[in-house]
Amino acid sequence: MVEDTKDMIQIEKEFSVGDDEEIIRYMSLSKFMSLLTFKQLFFTNVKIFEDAREGEIPAGFFKDWNEGFEEGYKNIQSRINPARNVYANCWNKFNGQESYALWKIYTDEDSGVAIKTTVGKLKKALNNKKIKVYEMKYIDSFESKNISVKFPKFELHEVLKPIREVYKIKPYSYEEEVRALFLEISDEEPGKMVEVDLNELIETIYVSPFAGKWFLNLIREIIKKYGLNKEVAVEHSKIPVRK
């Protein structure tokens, strides 16, 4: 039940992602324009995500606990939960190629945009000590105690707080999600805008495989007007589709 410093360091390593890991974020044109205009990333409160398991404590966390300690911990968490808010900005591992499924899910077909960067660039662009970047873990069940579950921890007001918003069930594993996260004990809000250095963040911009050449040219003109680095590449998706 009680983790020592060595355990916490190991857990942190298991969820951490290397700075050279390439990640990608798929979005609509309106969200892309918001990013360029306000130079901020939107961190969504995970309480409003579609996945009904978001923020739940998997039963595997209590694998070696006795019933009394488990019930006591759950009671404490139920009292804290209304004021406990975790905000996430979600990315996906690139793995050398785009995802057809994620283009379909997260963008408008003829006007979708995706931004590619690295974990290191994301951290540097945010330059915010209260934000951590973790990869998601996908488990078979939130009900089974046969699965080992450990949480990385945030330091908040000099107290270490477990972050449980790093687990999903395996049907979501195709996302290969990487999250930038921060924790607040405060009134609940749908999300928070966080300042970001776009020239540090953006490495490559892709346009949807379903978009026409006119849209590719439009995005190139837009980033010129917003003063992004000339080194930022704007490319059409490499996924071949019939239009």
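One structure accompanies this document, and this report is about it. (Residues numbered from 1 in each chain as written. Predicted model: local features only at pLDDT ≥ 70, side-chain atom pairs only at ≥ 80, totals over all residues. Heavy atoms only, no water.)

## A closer look at the packing of aromatic side chains
This model, assessed by the stated rule, comprises 17 aromatic pairs. Taken together, the ring pairs connect F15, F61, F62, W65, Y73, Y134, F151, F154 and Y167 into an aromatic cluster. Across from the ring centre of F94, 5.3 Å away, lies the NZ or CZ of K116, which sits over that ring. The aromatic ring of F182 is capped on one face by K130, whose charged end is 4.5 Å from the ring centroid. (Phe/Tyr/Trp six-rings, centres within 6.5 Å; stacked < 30°, edge-to-face > 60°. Lys NZ or Arg CZ within 6 Å of the ring centre and 35° of its normal.)

## With respect to the pairing of strand 10 (residues 177-185)
Regular strands show a simple pattern: their side chains alternate between the two faces of the sheet. Most of strand 10 is tucked away: eight of the nine residues are buried. Pairing analysis gives four bridges linking strand 5 (residues 132-135) to strand 10, with the strands arranged antiparallel. In the sheet register, Y134 faces strand 10, and the bridge partner there is R179. (Buried < 20%, exposed > 50% of the residue type's maximum accessible area, 1.4 Å probe, protein only. Helix = DSSP H or I, 4+ residues; strand = E, 2+ residues; numbered from the N terminus. Pairing = 2+ DSSP bridges.)

## So, the environment of L216
Mapped onto the elements, L216 comes out in helix 7 (residues 213-225). We classify L216 as buried; its relative accessible area is 8%. Residues L216 and L41, spaced 175 residues apart in sequence, show a C-alpha to C-alpha distance of 23 Å. If near-sequence neighbours (up to four positions away) are discounted, L216 is found in contact with V207, V234, E235 and H236. (Contact = heavy atoms within 4.5 Å.)

## Notes on the nonpolar core
F32, F43, L122, L126, I205 and I219 are the most contacted members of the largest nonpolar core, which totals 37 residues. Take this core: its biggest share by element is five residues, from helix 7. The residues contacting I219, other than those within four sequence positions of it, are L29, F32, V113, I205, V207 and V234. The next biggest cluster of nonpolar side chains, apart from the first, holds 23 residues, and it includes Y134, I147, Y167 and L183. (Core = buried A, V, L, I, M, F, W, Y, C linked by side-chain atoms within 4.5 Å.)

## Focus: the packing of helix 2 (residues 29-38) against helix 7
Between helix 2 and helix 7, whose axes approach to 12 Å, the crossing angle comes to 15 degrees. Compared by their axis directions, helix 2 and helix 7 come out roughly parallel. Crossing of helix 2 against helix 7: the hand is right-handed. Within the contact between the two elements, helix 2 uses L29, F32, M33 and L36 and helix 7 uses F215, I219, I222 and I223. (Axes fitted to C-alpha atoms, helices over the stretch in contact; angles between N-to-C directions. Parallel < 35°, antiparallel > 145°, perpendicular 65-115°, else oblique. Left-handed = near helix turned anticlockwise from the far one by under 90°.)

## What about unusual backbone geometry?
Here N95, not a glycine, exhibits a phi torsion of approximately 55 degrees, which is positive. Take N95: it is sitting in the loop between strand 3 (84-93) and helix 4 (100-106). Its identity as a non-glycine residue notwithstanding, E176 has a phi of 45 degrees, on the positive side. Along the chain, E176 turns up in the loop between strand 9 (167-169) and strand 10. Look at E176 and you get partly exposed, because its relative accessible area is 35%.

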